[in-house]
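Coordinate analysis (summary)
Here's the letter readout for the chains.
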Amino acid sequence: MFQVDESDYAAIVAQVRSSEFNEELDRRMAELREQFEARQESIKLQSEKDCQNIISAKDLELGRLNTELVRLKGIVDACEADKKAEFAELESRKDKELFDAVAAKDRCIADLQASLAAKDSEKRLALMEEQSASKEALQLKEQTIIRLKADLESGRLAADNRESQLREQHKQQLDDKQAEIDRLRDFKMRLSTKMVGETLEQHCSVQFAQAQSMGLYPDASFDKDNTAIEHSKGDFIFRDYIDGVEYVSVMFEMKNEMDLTATKHRNDDFLEKLDKDRRLKGCEYAVLVSMLEQGNDLYDAGIVDKSHRYPKMIVIRPQFFLPVLRLISEGARKGFQERHALQKELEAARTQSMDFARFEEKLNRFRTQFSNNVAAAHKKFVAATEGIDKTIEALEKQIKALRDIKANFEASELKLLKANDIAEEDLTVKKLTYGNPTIRKMIQDAAGQTD
């Protein structure tokens with residue numbers, strides 16, 4: 001056994017940094033929390049940027065298709081204007097030919113009448129002799145008139161046939177252009193999503209299988225939800241794992257509707273049920289893959305965030321199935337890895353804190369005793385100082401002597417504080433036991449018995 005005075009206690013207590021260690025630990029925890037929040041914000045901004053890039057690319061493609069549609073409409077309008085001009089030209093040509101034929105006939109008749117009138121006076125006497133000749137000439141003229149009428153009728157029939165052919169040709173061209181416009185409209189509505197010969201669920205299953213065949217999601221599962229809870233179930237559940245630990249899960253619902261369906265559904269009609277299925281199956285995200293509301297600019301953009309109505313809810317078109325799945329899984333993977341690293345750092349800090357706590361517990365008794373002794377000495381000193389002040393006020397004759405006594409007490413306090421400072425700097429266990437292995441062994445044995 002050995003004795004340790006008050007200055008020894010003060011030196012040992014000075015080596016314990018309980019409050020400083022707690023402050024350092026709190027500061028480190030705050031820094032780690034700020035780094036984690038900054039990383040989460042960076043991941044969120046990058047995801048929003050990637051989604052915006054995808055949406056911009058699709059907007060450009062949609063603009064190109066609209067431009068092509070306008071160009072085709074211009075071609076159809078120009079073709080129709082050309083056909084109308086050609087038809088008007090044929091009408092004008094037909095009327096002109098008819099008018100020319102009638103005018104020629106009238107001129108011919110006028111000429112004949114004039115010729116007959118001129119010769120009537122000359123050949124009145126020889127009318128009987130030339131009657132036969134006149135009849136022959138008249139018959140010839142009548143034949144000419146009949147031939148001109150037949151030619152006019154055949155020209156009119158030919159013009160009618162030409163007009164009919166042009167109308168049929170123009171109608172066929174309009175039908176072809178309308179078919180092309182319908183094809184482009186259907187292409188625009190589907191946005192290159194191939195749904196021929198397969199349902200929407202089969203399409204998503206095939207897309208996921210192709211992604212796994214290329215090395216993506218090696219530990220993930222994309223299975224049909226066959227378990228009904230509270231008479232409700234989803235379509236597919238996606239789960240992915242890291243070292244056997246699940247880090248992300250998504251509940252999928254697929255909705256398809258043909259254009260000829262009598263009752264048209266809305267995407268919002270299925271969000272409540274999808275959120276319920278997500279909660280019942282313990283999934284983190286919910287995604288509605290929908291072909292509903294075709295022509296709606298909001299949903300035709302491809303990706304719509306519905307988290308303002310239901311937590312972590314997204315509505316997408318089928319062509320964005322894999323991009324959205326990749327964004328969700330990559331964001332969750334980064335967050336899981338960062339949380340795992342932070343947990344390791346917290347475990348290490350907690351272990352270090354426990355080691356210091358054990359050492360603090362051993363020295364706590366010394367610190368308590370020393371604090372009590374200092375408090376008692378300070379209390380006695382304050383009481384003595386107050387008594388001296390009262391004595392000085394009552395006994396003015398002995399003021400000088402009493403002031404000397406007070407000065408001595410103050411000098412003693414300064415010496416005590418100075419000795420305390422020196423003890424805090426120089427009095428440590430290591431320095432006390434330097435060159436004295438016996439005392440060091442006794443302290444180690446005492447520490448072992450305390451444990």
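This text goes with the structure placed above it.
A brief report on the enclosed structure follows. Bear in mind the structure is a predicted one, so any value in this text is a computation, not a measurement.

Describing the pairing of strand E3 (residues 245-255)
Burial analysis of E3 places eight of its eleven residues in the buried class, which makes it a mostly covered element. Both strand E2 (residues 236-242) and E3 contribute to a ladder of seven bridges, which runs antiparallel. When the sheet's bridge partners are listed, Phe236 is paired in E3 with Phe252. Linking E2 to E3, which pair antiparallel, is a turn of two residues; within it Asp243 sits at a positive phi near 55 degrees. The sheet contact formed by E3 and strand E4 (residues 285-290) spans six bridges and is parallel. Bridge assignment links Lys255 to a residue of E4, and that residue is Ser290.

Topic: unusual backbone geometry
A positive phi angle, near 60 degrees, is found at His231, a position not held by glycine. Relative to the elements of secondary structure, His231 occurs in the loop between strand E1 (221-224) and E2. The phi dihedral of Asp243 is positive, around 55 degrees, even though this residue is not glycine. A relative accessible area of 75% places Asp243 in the exposed class.

A few points about the sheet that holds E1
Reading across the sheet, the six strands line up as E1-E2-E3-E4-E6-E5 and stay open at both edges, with mixed pairing between neighbours. Edge strands, defined here as strands with exactly one partner in the open sheet, are E1 and strand E5 (303-305). Neighbouring strand axes in the sheet, compared pairwise and without regard to direction, differ in orientation by 20 degrees on average. Examined bridge by bridge, E5 and strand E6 (residues 313-316) share three bridges and lie antiparallel to one another. Counterpart to Val304 in the pairing with E6 is Val315. Against the sheet, helix H4 (residues 200-213) contacts E1, E2, E3 and E4, and its axis sits at roughly 160 degrees relative to E1. Strands E3, E4 and E6 of the sheet are contacted by helix H5 (residues 271-280), whose axis makes an angle of about 155 degrees with E3.

A closer look at H5
Here H5 has its buried residues at Leu271, Leu274, Asp275, Asp277 and Arg278. Angular distribution of buried residues about the axis of H5 spans 160 degrees; they occupy a single face of the element. Residues Glu272 and Arg279 are exposed on H5 and point more than 90 degrees away from its buried face. Where H5 is buried, its residues contact E3, E4 and E6. Just beyond H5, the residue with positive phi is Gly282, at close to 70 degrees.

Details of the nonpolar core
As a rule of thumb, soluble globular proteins bury nonpolar side chains together. In terms of nonpolar packing, the biggest core is built from 29 residues, with Phe238, Phe252, Val289, Ile316 and Phe321 touching the most fellow members. Looking at this core, the elements that each hand over two or more residues are H4, E2, E3, E4, E6 and helix H7 (321-394). Of all the elements, H7 adds the most residues to this core, at six residues. Apart from the residues lying within four places of it in its own chain, the contact partners of Phe321 are Cys204, Gln207, Phe208, Phe222, Phe252, Val289 and Ile316. By size, the runner-up hydrophobic cluster in this structure holds twelve residues, among which are Met251, Leu274, Ala286 and Val315.

Here we look at the pattern of salt bridges
Tallied over the full model, the rule gives 19 salt bridges. Put simply, Arg266, Asp268, Asp269, Lys306 and Arg309 are held in one network by salt bridges that share partners.

The rules we used
Residues numbered from 1 in each chain as written. Predicted model: local features only at pLDDT ≥ 70, side-chain atom pairs only at ≥ 80, totals over all residues. Heavy atoms only, no water. Buried < 20%, exposed > 50% of the residue type's maximum accessible area, 1.4 Å probe, protein only. Helix = DSSP H or I, 4+ residues; strand = E, 2+ residues; numbered from the N terminus. Pairing = 2+ DSSP bridges. Axes fitted to C-alpha atoms, helices over the stretch in contact; angles between N-to-C directions. Contact = heavy atoms within 4.5 Å. Arc of directions from axis to C-beta. Core = buried A, V, L, I, M, F, W, Y, C linked by side-chain atoms within 4.5 Å. Salt bridge = Lys/Arg side-chain N within 4 Å of Asp/Glu carboxyl O.

Shape descriptors only; they carry no functional weight alone.
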